[in-house]
Structure formats: C-alpha cells, structure tokens
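If you want the building blocks of each chain, they are given just below.
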Amino acid sequence: RNVIRRGLRLTVSCEVACRASSVLRISGERIGASKALRVTAGGSRTIVVRLKANVRRNLLAAMRQAGMKRVIATATTTVRTADGARAYPVRVTLRR
C-alpha cells in the first residue's frame, strides 16, 4: 500500500558524478518509472519510482482476485557516468 501511495524508494550513491533513473517491471511489463536525478561525486540521492495510474488503481484488486499476497518485481536502476551507462537490477517483493 505504501508503494501504491508514495512510490518505491531506492537509494543511489556514486563515486563520480552521475545521473540515475529507475524502472519497475513485473514479468517484463513496465509498471512504474522515476525521474532521472543528478548525483554529485561521492554523494547519494533517493530515487522514487512512481507506479502508473492504472497500476495504482488495479494492483491490489488484481492481487486479491488472484489470491496472491506478494508479487516479485524487478527495479532496474540505470546509472550514467562520463564512462558510459550501467544497469543494476534488484528484485523487490511487493506485499498486499
């Protein structure tokens, strides 16, 4: 319920200056995304992945109808530096 209302919070830290953004997927389907944030060298920021409006509206009802108490999603954070971009996938459990 917290993720539906407030979004999924992820902390990103970079040793060099970078830009970070994140995408949340269930079974390969994109259900949410964050804005790209600048992170200063040696600093950290909190990225908030907001769910799409139709997902916010229907996720709990769909889980209840399917009899599921939790869903495993993948939050893929992309970090772009001067050297290039790299993706960091993290498995996240969303609970009813």
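Cut-offs applied
- Residues numbered from 1 in each chain as written.
- Predicted model: local features only at pLDDT ≥ 70, side-chain atom pairs only at ≥ 80, totals over all residues.
- Heavy atoms only, no water.
- Helix = DSSP H or I, 4+ residues; strand = E, 2+ residues; numbered from the N terminus.
- Areas by Shrake-Rupley, 256 points an atom, 1.4 Å probe, with all protein chains shown as cover.
- Core = buried A, V, L, I, M, F, W, Y, C linked by side-chain atoms within 4.5 Å.
- Buried < 20%, exposed > 50% of the residue type's maximum accessible area, 1.4 Å probe, protein only.
- Expected span 1.5 Å × (residues − 1).
- Bend = angle between axes of the 7 residues up to and from the residue.
- Contact = heavy atoms within 4.5 Å.
- Patch = residues over 30% accessible without salt bridge, like charges linked within 9 Å, V, L, I, M, F, W, Y side chains within 5 Å.
- Salt bridge = Lys/Arg side-chain N within 4 Å of Asp/Glu carboxyl O.
- Lys, Arg positive; Asp, Glu negative; His and termini not counted.
- Charge placed at Lys NZ, Arg CZ, Asp CG, Glu CD.
- Pairing = 2+ DSSP bridges.

J.: Report on the overall build of the chain, specifying residues and quantitative values.
T.: In terms of helices and strands, the chain carries 2 helices and 7 strands. Going from N to C terminus, the chain has its helices and strands arranged as α-β-β-β-β-β-α-β-β. When the backbone C-alpha atoms are referred to their principal axes, the chain occupies close to 45 × 20 × 20 Å. When the accessible surface of the chain is summed, it comes to about 6600 Å², and 46% of that surface belongs to carbon and sulfur atoms.

J.: Before we move on, can you summarise the nonpolar core with the specific residues and values?
T.: Counting 26 residues, the largest nonpolar core has Leu8, Leu24, Leu51 and Leu94 as the members making the most contacts within it. Only α1 (2–6), β1 (8–13), β2 (18–26), β4 (37–39), β5 (44–51), α2 (53–66), β6 (70–81) and β7 (84–95) provide two or more residues apiece to this core.

J.: How would you sum up α2? Please name residues and give values.
T.: If you check α2, its first and last C-alpha atoms are 20 Å apart, about what 14 residues at 1.5 Å a residue would give, namely 20 Å. The largest bend in α2 amounts to roughly 40 degrees and is located at Leu59. Looking only at α2, the buried set comprises Val55, Leu59, Leu60 and Met63. Against α1, β3 (29–33), β5, β6 and β7 lie the buried residues of α2. Of the residues flanking the end of α2, it is Gly67, one or two places downstream, whose phi is positive at about 75 degrees.

J.: Give me the lowdown on a positive patch on the surface, citing residues and values where you can.
T.: A surface patch of like charges, here positive, comprises Arg64, Lys69, Arg70, Arg95 and Arg96. As for its placement among the helices and strands, Arg95 is situated in strand β7. According to the relative accessible area criterion, Arg95 is exposed, its value standing at 62%.

J.: Account for the pairing of β7, with residues named and values stated.
T.: Looking down a regular strand, the side chains alternate between one sheet face and the other. Across 12 bridges, the pairing between β6 and β7 is antiparallel. Within the sheet, the bridge partner assigned to Val79 lies in β7 and is Arg86. Counting the residues between successive antiparallel strands, the hairpin from β6 to β7 contains 2 residues.

J.: Mind laying out the side chain of Ser21, listing which residues take part and the relevant values?
T.: Structurally, the position occupied by Ser21 is in strand β2. The contacts of Ser21, once residues within four sequence positions are left out, are Ser34, Lys35, Ala36, Ile47, Thr76, Thr77, Thr78 and Arg80.

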